[in-house]
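# Observations on the model geometry
Each chain, letter by letter, is given below.
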Amino acid sequence: VQLVESGGGLVQPGGSLRLLCAASGFTFSNYAMSWYRQAPGKEREFVARIISAGGRTNYADSVKGRFTISRDNAKNTVYLQMNTLKPEDTAVYYCTVRWRQTEHWGQGTQVTVSS
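Throughout, a residue's number is its position along its own chain's written sequence, starting from 1. Where local features are concerned, this predicted model is filtered to residues with pLDDT of at least 70; where side-chain atom pairs are given and counted, the filter is 80 or more; whole-chain, interface and lining totals use all residues. Neither water nor hydrogens contribute to the side-chain values; these are computed over all heavy atoms in the structure.

## Comments concerning the sheet that holds strand E7 (residues 67-72)
DSSP calls a pair of strands paired once it identifies at least 2 bridges connecting them. Helix and strand assignments come from DSSP, with helices taken as H or I runs of at least 4 residues and strands as E runs of at least 2, each series counted from the N terminus. Strands sit in the order E1-E3-E8-E7 across an open sheet of 4 strands; the sheet is antiparallel. This sheet does not close on itself; its edge strands, each paired only once, are strand E1 (2-6) and E7. Averaged over all pairs of adjacent strands, the angle between strand axes in this sheet comes to 15 degrees, irrespective of strand direction. The pairing of E1 with strand E3 (residues 17-24) spans 5 bridges and is antiparallel. Counterpart to Val4 in the pairing with E3 is Ala22. To get an axis, a line is fitted to the C-alpha atoms, and for a helix only the part in contact is used. The angle between two axes follows their N-to-C directions and goes from 0 to 180 degrees.

Written as structure tokens, this is what we have:
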């Protein structure tokens, strides 16, 4: 299993970013995918999840209404559209999949929200 995140960067408060996670090594369309994040000095926290069929999603309360998770099963890619970003969204963002009873993580992509 390989998960490669991209799309992070520095953005001003109120701005937007779209993160991507390219997946390989498993049958992507069969598995739910999630995004987590970890801010400096804090524990890793759940951000969003999308089921395998791409229909049902769920979000952390802190990002609901601002972030949107989606997936393209033809491209083996999951996305996280982040709008109205706040300084407290600053973190390393990871995508993850639970495959064969093991949680697999990418290397993460840094998102910094600052003026």
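We are not done yet, so read on.
## Quick look at the packing of aromatic side chains
Aromatic rings from Phe, Tyr and Trp, taking only the six-membered ring of Trp, are treated as a pair when their centres fall within 6.5 Å; an angle between ring planes under 30 degrees marks them as stacked, one over 60 as edge-to-face, and anything in between as tilted. Taken as a whole, this structure holds 5 aromatic pairs when the rule is applied. Taking 5.6 Å as the distance between ring centres and 75 degrees as the angle between the ring planes, the aromatic pair formed by Tyr36 and Phe46 counts as edge-to-face. With a gap of 10 residues between them, Tyr36 in strand E4 (residues 33-38) and Phe46 in strand E5 (residues 45-50) connect regions that are remote in the sequence. Under the relative-accessibility criterion, Tyr36 is labelled partly exposed at 23%. Members of the aromatic cluster, joined through ring pairs, are Tyr36, Phe46, Tyr94 and Trp105. Each residue is placed in one exposure class: buried if its accessible area under a 1.4 Å probe, protein chains only, is under 20% of its type's maximum, exposed if it is over 50%, and partly exposed if it falls in between.

## Some thoughts on the pattern of salt bridges
Within this document, salt bridges are pairs made up of a side-chain nitrogen of Lys or Arg and a carboxyl oxygen of Asp or Glu, the two lying within 4 Å of each other. Within this structure, the stated rule accounts for 5 salt bridges. When the shortest N-O distance is used, the salt bridge between Arg66 and Asp89 registers 2.7 Å. Note that Arg66 is positioned in the loop between strand E6 (57-59) and E7 and Asp89 in the loop between strand E8 (77-82) and strand E9 (91-99), a separation of 23 residues in sequence. Since its relative accessible area comes to 11%, Arg66 is described here as buried. Across the pair Arg98 and Glu103 runs a salt bridge, and its minimum N-O distance is 3.5 Å. Taken together, the shared-partner salt bridges in this structure form one network comprising Arg37, Glu45, Arg66 and Asp89.

## Thoughts on the pairing of strand E11 (residues 109-113)
Moving residue by residue along a regular strand, the side chains alternate between the two faces of the sheet. With burial as the criterion, only one face of E11 is covered, namely that bearing Thr109, Val111 and Val113; the residues Gln110 and Thr112 on the opposite face remain uncovered. Two strands pair when backbone bridges link them, and strand E2 (residues 9-11) and E11 are joined in this way by 3 bridges, in the parallel orientation. Residue pairing for E11: Val11 is matched across the bridge by Val113. Taken together, the 3 bridges between E9 and E11 define a ladder with antiparallel strand orientation. Within E11, the position partnered with Tyr93 by the bridge is Thr109.

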